[in-house]
Amino acid sequence: AQSVTQLDSHVSVSEGTPVLLRCNYSSSYSPSLFWYVQHPNKGLQLLLKYTSAATLVKGINGFEAEFKKSETSFHLTKPSAHMSDAAEYFCVVSDRVNTGFQKLVFGTGTRLLVSP
Amino acid sequence: GAGVSQSPSNKVTEKGKDVELRCDPISGHTALYWYRQSLGQGLEFLIYFQGNSAPDKSGLPSDRFSAERTGGSVSTLTIQRTQQEDSAVYLCASSSFTGGDADTQYFGPGTRLTVL
């Protein structure tokens, strides 16, 4: 079975500084990987996804993630944090249970705090 | 176009009562998923519908939980004889099942259920 580990439960940065949210995955085959963001009292919004087309994936709001098979990592980065980036971020792997069924397996989440 | 919608946004009920939660997926999406997000358990898969196929109920925590999907569109998640441990945010997602975006699930805003 697939799994993901988010290495930090909380990350604090200052506005304008880089963001790094770490994620390691476990997969028996080439996985589909996602980052979702959840703002307070909101649903989950897709930031970006990796599906083997390119190892560096660009998402919305200036976020990007790099798939590194040798390190089984899929870390999320952003060059310059904005106050509006404060939210909970989930690293997710897709576990294909049977034909067509993509069960999402979520990490425990990383809360990003951005200070002025 | 319109995203996934869920109703109600908040539901408060008394222990032992039955509740129904509704999900309206993105138009044209044939796959529909229910997840539960709770403090102690994180995000858990509950049930999956694809077209007219039998649903995958492998994530339902007990026989008090059931779901149906009428006409391949709207879905209702029913919890009978609610317990306090059922308190959580219930999230619905849909995906297109085919094409390049088939593995991307789009989430609704969720229903926050509180069992007193």
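Residues numbered from 1 in each chain as written. Chains lettered and ligands numbered in written order. Predicted model: local features only at pLDDT ≥ 70, side-chain atom pairs only at ≥ 80, totals over all residues. Heavy atoms only, no water.

**What about the overall build of chain B?**
Piece 1. Counting its secondary structure elements, chain B contains zero helices and ten strands.
Piece 2. Written out in order from the N terminus, the α and β elements of chain B read β-β-β-β-β-β-β-β-β-β.
Piece 3. Per-residue burial over chain B gives 48% buried out of 116 residues.
Piece 4. Counting contacts in chain B only where the partners sit at least 6 residues apart, residues at least 24 apart contribute 55% of the total.
Piece 5. If you sum the accessible surface of chain B, you get close to 5500 Å²; carbon and sulfur atoms cover 46% of it.
Piece 6. Here chain B contributes 10 positively and 12 negatively charged side chains, and the mean placements of these two sets differ by 6 Å. (Helix = DSSP H or I, 4+ residues; strand = E, 2+ residues; numbered from the N terminus. Buried < 20%, exposed > 50% of the residue type's maximum accessible area, 1.4 Å probe, protein only. Contact = heavy atoms within 4.5 Å. Areas by Shrake-Rupley, 256 points an atom, 1.4 Å probe, with all protein chains shown as cover. Lys, Arg positive; Asp, Glu negative; His and termini not counted. Charge placed at Lys NZ, Arg CZ, Asp CG, Glu CD.)

**So, the confidence of the model for chain A**
Piece 1. Chain-level pLDDT for chain A is 90 on average; 95% of the residues reach the 70-or-more range.
Piece 2. Strand β11 (residues 101-106) of chain A is the least confidently modelled element of chain A, averaging 81 in pLDDT, while strand β3 (residues 19-21) of chain A averages 98, the highest of any element. (pLDDT = per-residue confidence, 0-100.)

**Quick word on the environment of A:Gly62**
Residue and element names in this part refer to chain A.
Piece 1. The residue Gly62 is located in the loop between β7 (56-58) and β8 (64-68) in this model.
Piece 2. With relative accessibility at 44%, the residue Gly62 sits in the partly exposed group.
Piece 3. With 17 residues separating them along the chain, Gly62 and Pro79 place their C-alpha atoms 7.8 Å apart.
Piece 4. Apart from the residues within four sequence positions on either side, Gly62 is in contact with Thr77, Lys78 and Pro79.

**Some points on the interface of chain B and chain A**
Piece 1. Each side of the interface is counted separately: chain B has 18 residues, and chain A has 20 residues.
Piece 2. The largest contributions to the chain B side of the interface with chain A come from B:Leu43, B:Asp103 and B:Phe107, which together make up 35% of the buried area.
Piece 3. Across the contact surface, chain B and chain A share zero salt bridges.
Piece 4. In this structure, the connection of chain B to chain A is made through four residue pairs in polar contact (both at pLDDT 80 or more).
Piece 5. Those elements that place two or more of their residues in the side of chain B that touches chain A are β4 (31-38) and β5 (42-50) of chain B.
Piece 6. In the side of chain B that touches chain A, the residues fall into nine nonpolar, five polar and four charged. (Buried area = accessible area lost by both parts, 1.4 Å probe. Salt bridge = Lys/Arg side-chain N within 4 Å of Asp/Glu carboxyl O. Polar contact = N/O pair within 3.5 Å; in protein donor to acceptor, adjacent residues only side chain to side chain. Nonpolar A, V, L, I, M, F, W, Y, C, P; charged D, E, K, R; others polar.)

**Thoughts on unusual backbone geometry**
Outside of glycine, negative phi angles account for most residues, and trans bonds account for most peptide bonds.
Piece 1. Backbone torsion omega between B:Ser7 and B:Pro8 reads -10°, so that peptide bond is classified as cis.
Piece 2. With respect to the helices and strands, B:Pro8 occurs in the loop between β1 (5-7) and β2 (10-13).
Piece 3. Look at A:Asn61: it is not a glycine, yet its phi comes out positive at around 55°.
Piece 4. You can see A:Asn61 is positioned in the loop between β7 and β8.
Piece 5. Even without a glycine there, the phi angle at A:Thr72 is positive, about 45°.

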